[in-house]
Amino acid sequence: MGHVKPIALLQRAIKNEKVVNSYLFWGNEGTGKKYVALQFAKALNCLETKSDAGDACDQCTSCKKIDHGRHPDVLVIEPEGQNIRVDQIRQLQRELAYRPYEGKHRVCILTAADRMAPHIPNTLLKTLEEPPLHTVIILLANNSRFILPTILSRCQPIRFHPLPIPLVSKWLMEGSGLDEAEAHLLASLSEGSPGKALEIQEEIRQIPREELLKEWVGLKVLSFEKIGSWVGSLPSEREGLLLILEVAKTLLRDLVMVKTLKRGTDLIHSDLVQVIEAMAANWSLTSLLKRMEAVHQTVIEIRANANTSLALEAMMLEWAEG
Ligand SMILES: [Zn+2]
């Protein structure tokens, strides 16, 4: 699933018997860090000869147990509540004192390593400094900035970049059975993160995109009444509002695409192609780009904690100027 570099690196480590005791996988939320960590755990413990090539067979009992979360030597530690707690780490250390039960390696995946309760890093550090034999610890973090340098220095860092849109789209179709139009729409709004795409799926389904396009984004003349009623009707909760603005941006992007390129253009909202084509005819490219830029700026301001109503009003006043 993408991540050609991290996977190649880990496979090489297995092939050359250069697997280290501690890794840090870091990169945006939902970019597949946990997925790759579990694949790595499978490859390290696979019972088939393929494992010599650094690959998991996906068929043997070990691979299947890991897939079902039932392998005694593969531990996944998730935060309980907001953070990973100190007793979870203590429990882990007790487990690590024993040899692997049945696998070749004991693999411990610590999700949200950038969200550990205070004191934990010091407790964990002891384990990282003197790792038990046959143990591989993988820390997962969205942001390496929140990890203590002492911890960082003990791990081999592996960066996870956002995935290209077509790859996220393909993954959504194959893995979650979404149809092409929805997969492409979600992938386009996912910032390269399959996890985020799935997370926003329901919210996106709730957004009346056609109405948004006809009554707002693509409407040429905006009266003050219209602006007032729109600002009032949008969600006051920041994340929900930002998602609507992101959708608005992609609708404008599609209008621009239809305006500049001919039919059959790769649209994000391919299900609305007829409405978009009819609407684009009324617009000049300059006005569309100006409107798009205004949305973009507003998203940045709202992310930086600007007053949402004021930012939206300012945006739509700019839209109204044409
Ligand atoms: Zn296997």
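Fair warning: this is a prediction, and the values are worked out from it, not measured in the lab.

Engineer: Before we move on, could you go through the nonpolar core and cite the residues and values that matter?
Structural biologist: Buried together is how nonpolar side chains tend to be arranged in soluble globular proteins. Ranked by internal contacts, the top residues of the largest apolar core, which has 52 residues, are Ile204, Leu212, Trp216, Leu245, Met315, Met316 and Trp319. Per element, the largest residue contribution to this core is 12 residues, and it comes from helix α12 (residues 238–260). Beyond its immediate sequence surroundings of up to four residues, Trp319 is in contact with Trp216, Val217, Leu222, Leu252, Arg291, Ala294 and Val295.

Engineer: Go over the sheet that holds strand β1 (residues 22–27), please, and point to the residues and values.
Structural biologist: Pairing within the open sheet is parallel, and its five strands lie in the order β2-β3-β4-β1-β5. One side of each edge strand has no neighbouring strand; the edge strands of this open sheet are β2 (74–77) and β5 (156–160). Within this sheet the neighbouring strands show an average axis-to-axis angle of 15°, counted without direction. Of the pairings in the sheet, the one linking β1 to strand β4 (residues 135–141) comprises five bridges and is parallel in character. Along β4, the bridge assignment pairs Phe25 with Leu140.

Engineer: I'd like a rundown of the coordination of the zinc ion, residues and numbers included.
Structural biologist: For the zinc ion, the full set of protein donor atoms is Cys46 (SG), Cys57 (SG), Cys60 (SG) and Cys63 (SG), and the range of their distances to it is 2.3 to 2.4 Å. If you list the donors of the zinc ion from N- to C-terminus, the spacing comes out as C-x10-C-x2-C-x2-C. When its relative accessible area of 12% is taken as the criterion, Cys57 is described as buried. A residue is classified by how much of its surface remains accessible, and Cys60, at 8% relative accessible area, is buried.

Engineer: How would you sum up the environment of Lys226? Please name residues and give values.
Structural biologist: Within the secondary structure, Lys226 is located in helix α11 (residues 224–233). Residue class for Lys226 comes out partly exposed when judged on its relative accessible area of 25%. Once the C-alpha coordinates of Lys226 and Met316 are considered, the two residues, 90 residues apart in sequence, prove to be 9.6 Å apart.

Engineer: Mind laying out the pairing of strand β3 (residues 106–110), listing which residues take part and the relevant values?
Structural biologist: The side chains of a regular strand alternate between both faces of the sheet. Of all five residues in β3, five are buried; the element is thus mostly enclosed. Burial of the side chains of β3 extends over both faces: Arg106, Cys108 and Leu110 are buried on one face and Val107 and Ile109 on the other. As judged from the four bridges shared by β2 and β3, these two strands associate in the parallel manner. Bridge assignment links Ile77 to a residue of β3, and that residue is Leu110. Assessed by its sense of winding, the connection that carries the chain from β2 through helix α4 (residues 86–96) to β3 is right-handed. Summarising the sheet, β3 and β4 pair through five bridges and their orientation is parallel. Looking at β4, one finds that Arg106 is bridged to Thr135. In this fold, β3 hands off to helix α5 (residues 120–129), which returns the chain to β4; that crossover is right-handed.

Engineer: Describe in detail the pattern of salt bridges, supporting the description with residues and values.
Structural biologist: What the rule picks out here adds up to 18 salt bridges. Note that Lys65 and Glu102 form a salt bridge whose closest N and O atoms lie 2.9 Å from each other. With Lys65 in helix α3 (residues 61–67) and Glu102 in the loop between α4 and β3, the pair connects residues that are 37 residues apart, well separated along the chain. Of the residues examined, Lys65 reaches a relative accessible area of 28% and is grouped as partly exposed. With a shortest N-O distance of 3.4 Å, Glu215 and Lys226 are connected by a salt bridge. Here Lys226 lies in helix α11 and Glu215 lies in helix α10 (residues 209–217), a separation of 11 residues in the sequence. The partly exposed category is assigned to Glu215, whose relative accessible area is 36%. Sharing partners across several salt bridges, the network here consists of Lys42, Asp58 and Asp67.

Engineer: Give me the packing of α12 against helix α15 (residues 308–320): which residues, what numbers.
Structural biologist: Interaxial distance between α12 and α15 falls to 12 Å at its minimum, and their mutual angle equals 15°. By the angle between their directions, the pair α12 and α15 is classed as roughly parallel. With respect to the hand of their crossing, α12 and α15 are arranged in left-handed fashion. In this structure, α12 uses Arg238, Leu241, Leu245 and Leu252 to contact α15, whose residues at the interface are Thr308, Leu312, Met315 and Trp319. The residue makeup of the contact of α12 with α15, split by class, is six nonpolar, one polar and one charged.

Cut-off values and rules
Residues numbered from 1 in each chain as written. Predicted model: local features only at pLDDT ≥ 70, side-chain atom pairs only at ≥ 80, totals over all residues. Heavy atoms only, no water. Core = buried A, V, L, I, M, F, W, Y, C linked by side-chain atoms within 4.5 Å. Buried < 20%, exposed > 50% of the residue type's maximum accessible area, 1.4 Å probe, protein only. Helix = DSSP H or I, 4+ residues; strand = E, 2+ residues; numbered from the N terminus. Contact = heavy atoms within 4.5 Å. Pairing = 2+ DSSP bridges. Axes fitted to C-alpha atoms, helices over the stretch in contact; angles between N-to-C directions. Donors = N, O, S within 2.8 Å, 3.2 Å for Na, K, Ca; no water. Right-handed = clockwise from strand over helix to strand, strands pointing away. Salt bridge = Lys/Arg side-chain N within 4 Å of Asp/Glu carboxyl O. Parallel < 35°, antiparallel > 145°, perpendicular 65-115°, else oblique. Left-handed = near helix turned anticlockwise from the far one by under 90°. Nonpolar A, V, L, I, M, F, W, Y, C, P; charged D, E, K, R; others polar.

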